[in-house]
Amino acid sequence: MALSETVLAAVAVSSKKTELRELQVPEIPADAGLLQVEVVGVCGTDVANYAHIQEPRILGHHVIGFVDKIGREAARRWGVKEGDRVAMEEYIPCGQCGECRRGRYRACRFTDSHLGGLRYGNTPLHVPPALWGGFAQYMYLHPNAVLHSMPLHVLPVEAALTLPLANGFEWMAIECGVSFGQTVVVQGPGQQGLACVLAAKALGARVIVAGRETSRRRLELAKAIGADEVVNVSRENLIERVSQLTSGRLADVVIDVTSSGAGPVLQSIEAVKRGGVVALAAYKHQTIADFDIDRIVAKSLSVRGLRGHSHRSVEMAVNCIASGVFPMHVLNSHNYSLHQTDAALRTAGGEGESNPLLVAVSPFENRNGPSEFAKRESTNVYRKE
Ligand SMILES: [Zn+2]
Ligand SMILES: [Zn+2]
């Protein structure tokens, strides 16, 4: 790409309002780079942020792309070169603090946008060089960006599930210690819940997925990707079903990724065995009145609040996707172009087209011609087999 060119970006300018803008291509220093965005998966966090935009910014942080430009120093540090395909993490950690040194860089305060830190998909446009989000043709690769190689044979819409699946592996494998033969209950069959199903299945667990009548289609998808049992909680009693399915032993691990309601939290505590693990991985924005805390003591439960992923779990996710073991593409429900970013965010938030799951935006995709990816594909020997 020649200098002085501009980049097309879908800028969230205020709450639920997007403008397509042309932004300047930045100078790339020796320790940084520029990514050509191939596909971006819309995250629930993007939807939540889109409703409360105070300063204009480019959203989108489940980003897959090709290294378009790279400084000499960055190429040496990251081990990638121009043309390489990568999956991005949203974090831009400092690399120096205690959390970073311990490998928990998702907790680094310099990557917390609420504390003024840098993070992909949630950094204001006024912070140079503005290209901090995936809903754009190009994204700036900061010296502290975290990149993972993404094999070329992986379908874009499957690659776009890297971060949700990384959360699945982080929470199931690393945080909850799910292992072969255990029973896991996943409450909430959305994008994140189904990613937990995939991770738990990859670990050899038996998986029961719970969802309401309104999620019937998603429950069917859960089956399609390997869930052993699904429970429609609008019609069936979850505790009774789990007890039945486990001959009264109950689940080893129950994870709640439903976004609303205290009910699933209380059900999680009842559906798990004595000494089991209850994982809470979605904000409820409400309190639970008259909660009997003694249930946790009496059942000797571990209750864990979980957020985000680590370098290791992203690698697990990339390997799982690249293995082709699961038909992950069935989770892709809607695909939009950059011009349709607003529609993508609305659909993912339940205000647009029906039955959203993985909603993806492809900045170079348009209905009038082949995508950049398709062009690259035709010259890619690995895809020709
Ligand atoms: Zn996300
Ligand atoms: Zn740090």
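Look up: the structure comes first, before these words.
Residues numbered from 1 in each chain as written. Chains lettered and ligands numbered in written order. Predicted model: local features only at pLDDT ≥ 70, side-chain atom pairs only at ≥ 80, totals over all residues. Heavy atoms only, no water.

Q: Mind showing me how you'd approach the coordination of the zinc ion (ligand 2) here?
A: Ideal coordination angles are 109.5 degrees for a metal with four donors arranged tetrahedrally and 90 or 180 degrees for a metal with six donors arranged octahedrally. Protein ligation of the zinc ion (ligand 2) involves C94 (SG), C97 (SG), C100 (SG) and C108 (SG), the donor distances falling in the range 2.3 to 2.4 Å. Each of the four donor atoms around the zinc ion (ligand 2) contributes to a set of angles spanning 105 to 114°, which defines the coordination as tetrahedral. (Donors = N, O, S within 2.8 Å, 3.2 Å for Na, K, Ca; no water. Tetrahedral: all angles 85-135°; square planar, octahedral: opposite > 155°, others 65-115°.)

Q: Honestly, the packing of aromatic side chains in this entry has me stumped. Any pointers?
A: We describe a pair of aromatic rings using the distance from one ring centre to the other and the angle between the two ring planes. One pass over the structure, following the stated rule, counts four aromatic pairs. Taking 6.0 Å as the distance between ring centres and 75° as the angle between the ring planes, the aromatic pair formed by Y91 and Y105 counts as edge-to-face. Placement of Y91 in the loop between β5 (85–88) and α3 (98–101) and of Y105 in the loop between α3 and β6 (138–141) is noted, with a sequence separation of 14 residues between them. The buried category is assigned to Y105, whose relative accessible area is 10%. Considering the side-chain rings of Y120 and W132, the 6.2 Å spacing of their centres and the 40° angle between planes classify their relative orientation as tilted. Linking Y120 in the loop between α3 and β6 with W132 in the loop between α3 and β6, this pair joins segments that are 12 residues apart in sequence. Of the two residues, Y120 and W132, neither departs from the other in class, the shared state being buried. Linked through ring pairs, Y120, W132 and Y140 together constitute an aromatic cluster. (Phe/Tyr/Trp six-rings, centres within 6.5 Å; stacked < 30°, edge-to-face > 60°. Helix = DSSP H or I, 4+ residues; strand = E, 2+ residues; numbered from the N terminus. Buried < 20%, exposed > 50% of the residue type's maximum accessible area, 1.4 Å probe, protein only.)

Q: Got a minute to help me understand the nonpolar core in this structure?
A: Looking at soluble globular proteins, one finds that nonpolar side chains tend to be buried together. Within the largest apolar cluster, 53 residues are counted, with the highest numbers of intra-cluster contacts made by L165, M172, V184, V186, L194, V197 and I255. Residue contributions to this core peak at seven residues, all from helix α6 (residues 191–202). Composition of this core by domain shows at least three residues from each of domain 1 (6–150 + 327–383) and domain 2 (164–305). Discounting residues that sit within four places of it in the chain, V186 has contacts with G193, C196, V197, V207, I208, V209, A210, I255 and V257. Formed by 47 residues, the second largest nonpolar core is a distinct cluster that contains V13, V37, W78 and V361. (Core = buried A, V, L, I, M, F, W, Y, C linked by side-chain atoms within 4.5 Å. Domains from an automatic or database assignment. Contact = heavy atoms within 4.5 Å.)

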